[in-house]
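# Structural overview
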Amino acid sequence: MLVGLTSGALLTSCGSDDEGSATTTDDDGGVATTELHPAFADFDSNNVTAMVSGSSFVIETNGLPNHTSPYWSNTNTRSLTGPDGNVIVTGPAAADHILYVDPTVTSEAEMAPGNIDDFNGSYTLTVPASPALASNSSATGLGAIGIAVSGSVIYNDEEGPNVPLDNAVGSLDYTAAHTGPQSYHYHLEPKAFSDDDDALIGIISDGFFIYGRKDYPSGNYPTDLDASGGHFGATPHNADGEYHYHIQNELYLSQYYIIFPGDYQGTANNIQ
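Here the structure is a predicted model, which means the values were calculated and not measured. (Residues numbered from 1 in each chain as written. Predicted model: local features only at pLDDT ≥ 70, side-chain atom pairs only at ≥ 80, totals over all residues. Heavy atoms only, no water.)

Another point: the overall build of the protein chain. Along the protein chain, the regular secondary structure elements total zero helices and 18 strands. With 272 residues in all, the protein chain has 47% of them scored as buried. Taking the contacts inside the protein chain whose residues are at least 6 apart along the sequence as the reference set, 59% of them involve residues at least 24 apart. Accessible surface computed for the protein chain: about 12200 Å², of which carbon and sulfur atoms make up 46%. (Helix = DSSP H or I, 4+ residues; strand = E, 2+ residues; numbered from the N terminus. Buried < 20%, exposed > 50% of the residue type's maximum accessible area, 1.4 Å probe, protein only. Contact = heavy atoms within 4.5 Å. Areas by Shrake-Rupley, 256 points an atom, 1.4 Å probe, with all protein chains shown as cover.)

Have a look at this one:
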């Protein structure tokens, strides 16, 4: 994991045995964070960097996933007729990307336009090192609402303004992601790195981490989740417990699990 620091505080990188974030008092009497949360050790260090800046964490990603997908560039050509009637052609590339795999759950005819490599999907998210629950929840918007451990971003359960995800499920690859309009992104349980388990999925823009459908350390499905799939409890990175989200464990379209269909329980920060 690449870590950096600003504001002149002492830098300490965390191992998986650490719990929470260490703090110290800065010259102005404020509380500064000196360690990254241990969960950041699970983020792919080739695609994601996390830094300590005062009392905040700054997470930067190139937007690229660290796993296979049919959306990597390849020697095939596919076309899609857009809502305006124009035909959008993707490919071909001179050679298959090393992470390219043929589509399985989707097909070239159903896939969204654009390959992963066609997008400049760099994102930055700054969150409090100690996020707090807000007095009122707030709705998620379109676009990135979180950063996944793979390096790509997380979207909610909508495909567009008042457009349900149902209309685009056919374009999702085996790990429930597709391209457009700004980058490759996940809507549903990302099976490339989490499949009915307690694995870390990523961080939501309000600063809380999100995990798979099962609870830690019991391996059972949590029964005390709030309307956003969150609760206070132990995680693989904090045995003492902290508030965190889980992928919803209710079936969507009889076979899928939406990553984040609820509202933010904390205060959302811009992912730019």
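Let us look at the pattern of salt bridges. One pass over the full model with this rule turns up three salt bridges. The closest approach of N and O atoms between Asp-196 and Arg-213, which form a salt bridge, is 3.5 Å. Residue Asp-196 is located in the loop between strand E14 (185–186) and strand E15 (200–204), and its partner Arg-213 is located in the loop between strand E16 (209–211) and strand E17 (230–235); the two are separated by 17 residues in the primary sequence. Ionic pairing is found between Asp-196 and Lys-214, a salt bridge with its closest N-O pair at 3.9 Å. Highlighted residues: Asp-196 in the loop between E14 and E15 and Lys-214 in the loop between E16 and E17, separated in sequence by 18 residues. Asp-196 gets classed as partly exposed once you look at its relative accessible area, which sits at 25%. (Salt bridge = Lys/Arg side-chain N within 4 Å of Asp/Glu carboxyl O.)

Take the environment of Ile-59 next. Note on placement: Ile-59 falls in strand E5 (residues 56–61). Its relative accessible area of 0% is what places Ile-59 among the buried residues. Along the backbone, Ile-59 and Ile-147 are 88 residues apart, and their C-alpha atoms lie at a distance of 8.4 Å. Leaving out residues up to four positions away in the same chain, Ile-59 has contacts with Phe-40, Val-48, Thr-49, Ala-50, Tyr-123, Thr-124, Leu-125, Val-127, Ile-147 and Ile-203.

Moving on to the pairing of E15. A large share of E15 lies buried, amounting to five of its five residues. When strand E9 (residues 146–148) meets E15, the two strands line up antiparallel, connected through three bridges. When the bridges of E15 are listed, Ile-147 appears paired with Ile-203. Relative to E16, E15 runs antiparallel, the two being bridged by three bridges. Bridging across to E16, Gly-202 finds its partner in Ile-210. (Pairing = 2+ DSSP bridges.)

With that settled, the discussion passes to the environment of Pro-131. Within the secondary structure layout, Pro-131 lies in the loop between strand E8 (123–128) and E9. Residue classification places Pro-131 among the partly exposed positions, given a relative accessible area of 23%. For Pro-131, the residues in contact, after removing those within four places along its chain, are Asp-206, Gly-207 and Phe-208.

With respect to the helices, strands and loops of the structure, Ser-152 is situated in the loop between E9 and strand E10 (153–154). Classification of Ser-152 by relative accessible area gives buried; the value is 0%. Among the polar contacts made by the side chain of Ser-152, one reaches the main-chain carbonyl oxygen of Gly-63 at a distance of 3.1 Å. Setting aside chain neighbours within four positions, we find Ser-152 in contact with Gly-63, Leu-64, Pro-65, Ile-147, Tyr-184 and Tyr-186. (Polar contact = N/O pair within 3.5 Å; in protein donor to acceptor, adjacent residues only side chain to side chain.)

Mapped onto the secondary structure, Ser-45 falls in the loop between strand E3 (31–33) and strand E4 (48–53). A relative accessible area of 30% places Ser-45 in the partly exposed class.

The subject of this paragraph is unusual backbone geometry. In this structure, the amide linkage connecting Gly-180 to the following residue, Pro-181, adopts the cis form with an omega of -10°. By the secondary structure assignment, Pro-181 is in the loop between strand E13 (177–178) and E14. With an omega of 0°, the peptide bond between Tyr-216 and Pro-217 qualifies as cis. Within the element layout of this structure, Pro-217 appears in the loop between E16 and E17.

All right, on to the packing of aromatic side chains then. For the coordinates displayed, the defined rule picks out 11 aromatic pairs. The interplanar angle of 70° and the centroid separation of 4.8 Å between the aromatic rings of Phe-208 and Tyr-243 together place this pair among those described as edge-to-face. Linking Phe-208 in the loop between E15 and E16 with Tyr-243 in strand E18 (residues 238–246), this pair joins segments that are 35 residues apart in sequence. The same class applies to Phe-208 and to Tyr-243, which are both buried. (Phe/Tyr/Trp six-rings, centres within 6.5 Å; stacked < 30°, edge-to-face > 60°.)

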